[in-house]
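Okay, here's what each chain looks like letter by letter:
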Amino acid sequence: MRFLPRLFLLLPLLAMPLLAQTPTGTVEGVVTDAGGAAIVGASVTIVETSTNETRTLTTDSAGRYEMPFVQPGTYSVKVVAPGFRAASQIGLHVEVATGSTADFKLVVGQASDQVQVTANVETLDTETSNLSDTIPTRLILDLPDNGRNPFDFALLAPTVSNLGNASTPHIGGSRNGNNEQLIDGMTNILPENNVGNNVSAYNPIVDSVQEVNVQTSVLAAEYGRFSGGIVSLVTKGGANAFHGSGFEFLEATGLNANAFGAAPGSAKTNSHRYQTGGTFSGPIHRDKTFFFVDFEDSRQSAGTSITSTVPQNLAAYLTGDFSKLGAPIYDPLTVHLGTYYDTSSKTTVTGYVRDQFQGNMIPPGRLSPIAQKILGYFPAPQTTAASNNYVNSGANTNNYYHFDTRLDQQWDTKWHSFLRFSHSAGNNAYLQDYAGSSTIASPGGYNGPTSGN
C-alpha cells in the first residue's frame, strides 16, 4: 500500500496529454566571445526570481540555447564557460505564447568574475510569425474594469472589439465564433449549437490573473481549430514569500439615478453592486511547492424597466365582453359542416366552421375560473394610448460567488506541474413584463476549467 501516496501525486499529471496548448513562453539566446565566435558547451542557468525555480542547459555547436515551456514570470539568466567571465542578465520577463531573448557576449577572464546587465522590458520576438499583445499584471490591477471580467482587458489590443456585446470579442474583423479563449492553456469555450457566438465557461477573479495575451493574426499550428485570434489568460501561482490582498468595490443606490424609462414619479429602484474578496498565496515547501487561493462574492441589483402594451378594454374583456374587440370571437363547441368564403381561392367552399358568439360576448358560464384567477394579475393600462401603455420598473439581480485554487510543484530542473480548481455558483432574478420576477439558479455543482501542465 506504500505506492498509493505516490500514485495520488501523479494523478494531476494524467491530464497533461489532453492539452493542445501550453500557457508558457520560451527563453532563448546565443552565447559568443568578444569576436563573435560561438561558445560551445557553455552552462546556462535560468531562475524564476519569486520561486527560485531553476533550469539548466548547455549551448549547442552554434552557441545557441533554448528553454521551452517556461512559466510566465520574471527570470534571471546566468552563463558560465571555462576561461570566460561569468555573465548574467536580470529582469527578463517571460510572457505566454512568446519568446524572450537573452544573448550573451563573454569576455576572457576568471570564472569568479561576473558581468551583470538588466534586461530590457520590451523584447522583440523573432522566432514566431504571430502578432500578439500582452496585458501584464500591473495594468490588470490598476485599470478600471466595470464588472471585473478579466477577459475585458483583451479589448486593449488592436483590432479587438466587443461590437454587439457578444460573450467573447471579435478579433481582426473575424466573427467571435472563430476565436479561441484559453485559461492556463485549456479552452474556456462551452460547446453549443450556435457556431456564430462563442460562450465563455468561466471568468476568473481579476486579482488571480497574471497576464492576458491576445494573438491577433498568423496563429501557430497548435491553434489550428480556430481561424481568428486567441485570448490566453494565465493565472497566478504562489511564491517563496507569503502574500495576501483584500478588496471591496462598491456601487450604492444613493449614488445612482433612477432607471432610464421609469414611469414619472416612481420610486428609485434598488440599484447596487458590491464585490468583496481577496487572495492569499505562499510556499508549502520552499523552492518546491506553492499555493494560491482567492475568493470573490458579488451582489448586484440593476434598475431597469419594461414597456408593454395591454388592452384598453381590459375590464370588459375579463367579463367575456369582446364587443369592442373589432374581430369576431367564435364558439369552439359549435363546430359543424358549412360553407365559407376562402380568401386564397376567392371562392365559397364547404368545410368545418364555427358559430360566432352572439354580440361577441362569451357567456359567464363559459368562463374558466382558473383563467379568471390568472387574468386577475393582468395589469390595467397606465395611459390612454393604444400601445406602449404600461411600464413596469424594477431590478435585475445577479448574486454569485466564485473562487480559484492553484497548486504548483517544481519536481526538479526539468519537471514542473500545477493543478488549478475553480468554482462558481449563484442565482439570477430578472424583471418580468408584469408583476413579480422569476429566479433562475445557476448550476451549483458547476466547476470551472481545471488545468494541469
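The coordinates are above.
Basis of the calculations
Residues numbered from 1 in each chain as written. Predicted model: local features only at pLDDT ≥ 70, side-chain atom pairs only at ≥ 80, totals over all residues. Heavy atoms only, no water. Helix = DSSP H or I, 4+ residues; strand = E, 2+ residues; numbered from the N terminus. Buried < 20%, exposed > 50% of the residue type's maximum accessible area, 1.4 Å probe, protein only. Areas by Shrake-Rupley, 256 points an atom, 1.4 Å probe, with all protein chains shown as cover. Salt bridge = Lys/Arg side-chain N within 4 Å of Asp/Glu carboxyl O. Pairing = 2+ DSSP bridges. Contact = heavy atoms within 4.5 Å. Polar contact = N/O pair within 3.5 Å; in protein donor to acceptor, adjacent residues only side chain to side chain.

Peer 1: Explain the overall build of the protein to me, please; I cannot follow it from the model alone.
Peer 2: Looking only at helices and strands, the protein features four helices and 24 strands. With 453 residues in all, the protein has 40% of them scored as buried. Summed over all atoms, the accessible surface of the protein reaches about 24600 Å², with 58% contributed by carbon and sulfur.

Peer 1: What should I look at first to understand the pattern of salt bridges in this one?
Peer 2: Any two side chains of opposite charge can pair, so long as their charged atoms come close to each other. Scanning the model with the defined rule gives 10 salt bridges in all. When the shortest N-O distance is used, the salt bridge between glutamate 251 and arginine 273 registers 3.5 Å. Taken together, the residues span a long stretch of sequence, with glutamate 251 in strand S17 (residues 243–251) and arginine 273 in strand S18 (residues 272–285) at a distance of 22 residues. Under the relative-accessibility criterion, glutamate 251 is labelled partly exposed at 34%. By relative accessible area, arginine 273 is classed as buried at 13%. Of the charged contacts, one joins aspartate 297 and arginine 299 as a salt bridge, the two residues approaching to 3.2 Å between their closest N and O atoms. Assessed through its relative accessible area of 37%, arginine 299 is described here as partly exposed. Where salt bridges share partners, they join Asp184, Arg406, Asp408 and Arg420 into one cluster.

Peer 1: What should I look at first to understand the sheet that holds strand S14 (residues 186–187) in this one?
Peer 2: Across the sheet, five strands lie side by side as S10-S15-S16-S13-S14; this open sheet has mixed pairing. Sheet topology places strand S10 (131–135) and S14 at the edges, where each strand pairs with a single neighbour. As paired elements, strand S13 (residues 180–183) and strand S16 (residues 230–235) share four bridges and run parallel to each other. The residue of S16 that forms the bridge with isoleucine 183 is leucine 233.

Peer 1: I keep staring at the side chain of asparagine 149 and nothing clicks. Help me out?
Peer 2: Examined against the element boundaries, asparagine 149 turns out to sit in the loop between helix H2 (137–142) and strand S11 (160–161). Given the relative accessible area of 19%, asparagine 149 is considered buried. The residues touching asparagine 149, leaving out its near neighbours within four places in the chain, are Asn203 and Val206.

Peer 1: What should I look at first to understand the environment of serine 323 in this one?
Peer 2: Along the chain, the position of serine 323 falls in the loop between helix H3 (314–318) and strand S20 (336–342). Exposure remark for serine 323: the relative accessible area of 43% places this residue in the partly exposed category. With 10 residues separating them along the chain, serine 323 and asparagine 313 place their C-alpha atoms 9.8 Å apart. In this view, serine 323 contacts Gly359 and Asn360; residues no more than four positions away in its chain are not counted. Polar contacts involving the side chain of serine 323 include one to the side chain of aspartate 321, which spans 2.7 Å.

Peer 1: Looking at this model, I keep getting lost on the pairing of S13. Mind explaining?
Peer 2: Walk down a regular strand and you will see the side chains alternate between the two sheet faces. The side-chain alternation of S13 yields two buried faces, one formed by Glu180 and Leu182 and the other by Gln181 and Ile183. Note: S13 against S14, two bridges, orientation antiparallel. Counterpart to isoleucine 183 in the pairing with S14 is methionine 186. Linking S13 to S14, which pair antiparallel, is a turn of two residues; within it aspartate 184 sits at a positive phi near 55°.

Peer 1: Just to check I follow, could you spell out the pairing of strand S2 (residues 43–48) for this structure?
Peer 2: Bridge count for S2 against strand S3 (residues 54–58) is five bridges, and the pairing is antiparallel. Among the inter-strand pairings, serine 43 is bridged to a residue of S3, identified as threonine 58. Between S2 and S3, which follow one another and run antiparallel, lie five residues, and asparagine 52 among them has a positive phi close to 60°. Alignment of S2 against strand S5 (residues 73–80), held across six bridges, turns out to be antiparallel. Opposite threonine 45, over in S5, you have lysine 78 as the bridge partner.

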